[in-house]
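Listed below, chain by chain, are the residues.
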Amino acid sequence: MLARMFLAGAQNIEAKKEYINELNVFPVPDGDTGTNMSLTIMAAAKEVTALADMDMKSLAKAISSGSLRGARGNSGVILSQLLRGFTKALRDEQEINVQNLAAACERAKDTAYKAVMKPKEGTILTVARGIAEKASELAETTDDLEVFIPALLEEGDAVLAKTPDMLPVLKEAGVVDSGGQGLMEVLKGAYDAFLGKEIDYSSLASESAGSALAGQQKVSAESAADIKFGYCTEFIIMTEKEFTETDEHEFKAYLESIGDSIVCVADEDVVKVHVHTNDPGLAIQKALTYGQLSRMKIDNMREEHQEKLIRDAEKLAKQQKEAEEKAAAAQPRKPMGFITVSIGEGLNEIFRELGADYIIEGGQTMNPSTEDMLNAVDHVNADTIFILPNNKNIVLAANQAKALVKDKEIIVIPTKTVPQGITAIISFMPEADGKANEEAMLEAIEQVKSGQVTYAVRDTKIDDKEIHEGDIMGIGDAGIIAVGTQIEETARQMLDQLVDEDSELISLYYGEEVKEEEAQRFVAEIEEKYPDVDVDAHYGGQPIYYYVLAVE
């Protein structure tokens with residue numbers, strides 16, 4: 001039952017992730033809360049669906065370990081800590097009752113709060129605390145789970161509704177906390193399974209081994225070029241009258257006349273159908289004569305083949321990269337090494353030239369997981385490893401990886417932007433020890449003021465600024481400091497806020513959508529406006545962000 005509830009919770013947040021993403025206050029095209037929480041819990045769901053023998057201890061370990069290693073972004077890390085605390089409290093239990101469930105809620109809350117250095121109220125943590133407190137209170141008055149669980153959901157919704165009163169930025173944007181909403185979606189999905197509702201586990205099935213039919217849908221690279229029937233078509237017929245053996249033979253014969261790879265399995269009042277055909281409509285029209293259709297799925301296999309060729313090429317490139325990194329790791333162990341998060345050909349090359357041993361590609365568009373961090377640590381053959389997250393939404397995942405590494409000293413420098421990361425690695429002193437370098441880097445990044453120029457993905461209001469979808473935003477370390485309709489004009493407005501009389505250097509990294517001549521024109525304008533400040537320009541190649549700027 002607990003496994004079904006967990007998987008139903010994972011399924012529900014996967015289905016609702018875009019809705020949760022829309023609740024994010026900042027309208028930035030980043031790796032968002034719903035996506036991060038969904039990827040985190042899906043990593044655990046994959047572990048659960050792979051369990052051969054199900055008992056409480058193995059289930060608890062699968063949920064805890066899977067979510068811990070799959071955690072992405074701050075919301076994902078906090079969710080993984082909630083799951084870790086919850087399962088620790090239950091792993092030795094043989095059955096779940098109100099009392100041990102209340103204790104699990106309390107431990108989940110405590111574990112998550114301890115993982116965050118400066119817990120902020122009005123977030124997912126507040127919702128978890130409200131649920132835990134209600135659970136402790138109810139455990140004294142009822143032993144009935146059918147009373148207990150819905151009361152916790154009601155309390156969670158009530159606390160979530162109050163989050164805008166705790167965080168003014170939520171109230172201004174007119175939304176509740178997205179992380180708290182994500183937690184409630186997980187719990188509501190779990191409650192549906194507790195009630196025995198039919199759950200669509202299709203997104204989880206794609207993560208696991210899948211059904212026997214899945215094997216028939218695969219198309220090899222050798223045969224794909226001569227695919228005779230291009231559309232893999234699947235559906236379920238909910239029969240309105242008895243589906244006899246004669247009906248089955250007749251329907252199969254029809255499907256054979258229009259396609260191949262046919263599976264037609266009748267079970268009471270449903271018929272599962274799979275066929276490869278060039279005209280899915282014909283199969284569907286014939287099926288409608290037997291009853292209503294459900295779970296319809298049509299895939300273009302020729303298109304899938306092209307995508308497979310692309311994936312294979314990407315896989316090969318990744319394997320070559322991993323081979324290079326393994327070769328580097330095979331070098332003699334050194335005292336100190338660097339792992340940095342980056343994205344964009346130019347920025348990656350800058351970090352390599354500055355001495356980064358391993359680059360985790362991700363950053364803004366897709367926050368890397370704790371597992372990604374641990375893999376990177378395995379590839380760097382050094383006694384002390386510095387991790388530069390270069391994004392405030394990745395710092396927690398880096399710290400979580402640090403806690404899991406036992407054979408190397410991990411030092412996380414909490415860089416929140418790429419310019420801070422570049423400054424940190426430039427500040428490295430090979431002759432100094434880890435502690436001295438940590439202090440030097442922390443001091444250096446304090447001198448960096450960062451700015452990023454991107455576009456808004458939705459309408460909102462932040463810091464008294466009206467923002468419309470498609471507007472250009474200049475985002476500083478503390479929030480949005482400029483809004484406009486032109487890229488360079490917005491970047492100029494942002495620089496006006498960042499440059500002061502003590503500024504000595506402006507570093508500019510232009511993205512993949514900015515042409516070199518446009519960037520050079522912009523640099524010339526900056527040099528003319530700030531004649532006493534050095535201006536340094538580089539190709540960053542980063543997606544989404546037209547310009548990343550640093551003022552020191």
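Placed above this text is the structure.
Residues numbered from 1 in each chain as written. Predicted model: local features only at pLDDT ≥ 70, side-chain atom pairs only at ≥ 80, totals over all residues. Heavy atoms only, no water.

Right, let's talk about the pattern of salt bridges for a bit. Evaluation of the coordinates by the stated rule reveals 23 salt bridges. Here D157 makes a salt bridge to K188, at a shortest N to O gap of 3.0 Å. In this pair, D157 is assigned in helix α7 (residues 145-166) and K188 in helix α9 (residues 178-194), connecting sequence segments 31 residues apart. In this structure D157 comes out as partly exposed when scored by relative accessible area, which is 29%. A salt bridge links K529 to D496; its shortest N-O distance comes to 2.8 Å. Taken together, the residues span a long stretch of sequence, with K529 in helix α22 (residues 516-529) and D496 in helix α21 (residues 487-498) at a distance of 33 residues. Given the relative accessible area of 41%, D496 is considered partly exposed. Beyond isolated ion pairs, a larger network of salt bridges with shared partners links E106, K109 and D110. (Salt bridge = Lys/Arg side-chain N within 4 Å of Asp/Glu carboxyl O. Helix = DSSP H or I, 4+ residues; strand = E, 2+ residues; numbered from the N terminus. Buried < 20%, exposed > 50% of the residue type's maximum accessible area, 1.4 Å probe, protein only.)

Attention shifts here to the packing of α7 against α9. Viewed as axis vectors pointing N to C, α7 and α9 meet at an angle of 160 degrees, and their least axial separation amounts to 10 Å. By the angle between their directions, the pair α7 and α9 is classed as roughly antiparallel. In terms of crossing hand, the pair formed by α7 and α9 is left-handed. In this structure, α7 contributes L145, E146, I149, P150, L153, G156, D157 and L160 to the contact, and α9 contributes G180, Q181, M184, L187, K188, Y191 and F194. Looking at the contact of α7 with α9, its residues break down into nine nonpolar, three polar and three charged. (Axes fitted to C-alpha atoms, helices over the stretch in contact; angles between N-to-C directions. Parallel < 35°, antiparallel > 145°, perpendicular 65-115°, else oblique. Left-handed = near helix turned anticlockwise from the far one by under 90°. Contact = heavy atoms within 4.5 Å. Nonpolar A, V, L, I, M, F, W, Y, C, P; charged D, E, K, R; others polar.)

On the secondary structure map, L152 appears in helix α7. You can call L152 buried: its relative accessible area is 8%. When the C-alpha atoms of L152 and L138 are compared, they prove to be 8.8 Å apart, with 14 residues separating the residues in sequence. With sequence-adjacent residues up to four places away left out, L152 is seen in contact with C105, I131, K134, A135 and L138.

This brings us to helix α14 (residues 280-288). Listed in full, the buried residues belonging to α14 are P280, A283, I284 and A287. The buried residues of α14 occupy an angular sector of 95 degrees when projected down its axis, which confines them to one face. Looking at the buried positions of α14, the neighbouring elements they touch are β1 (231-239), α13 (245-258), β3 (270-277) and β4 (291-300). (Arc of directions from axis to C-beta.)

In spatial order, the strands read β6-β5-β7-β8; together these four strands make up an open sheet with parallel pairing. Strand pairing shows two members of the sheet lacking a second neighbour, β6 (358-361) and β8 (409-412), which therefore form its edges. Each strand axis lies, on average, 20 degrees off the axis of its neighbour in the sheet, ignoring direction. Pairing analysis gives four bridges linking strand β5 (residues 334-342) to β6, with the strands arranged parallel. From the neighbouring strand, I339 faces β6, where its bridge partner is Y358. Across the sheet, helix α20 (residues 434-445) is in contact with β5, β7 (382-388) and β8; its angle to β7 comes to roughly 15 degrees. (Pairing = 2+ DSSP bridges.)

Moving on to the environment of N393. Relative to the assigned elements, N393 resides in the loop between β7 and α18 (395-404). As a C-alpha pair, N393 and G73 span 320 residues in sequence and 4.9 Å in three-dimensional space. In this structure the side chain of N393 is engaged in a polar contact, spanning 2.9 Å, whose partner is the backbone nitrogen of N74. (Polar contact = N/O pair within 3.5 Å; in protein donor to acceptor, adjacent residues only side chain to side chain.)

By themselves, these figures tell us nothing about what the structure is for.
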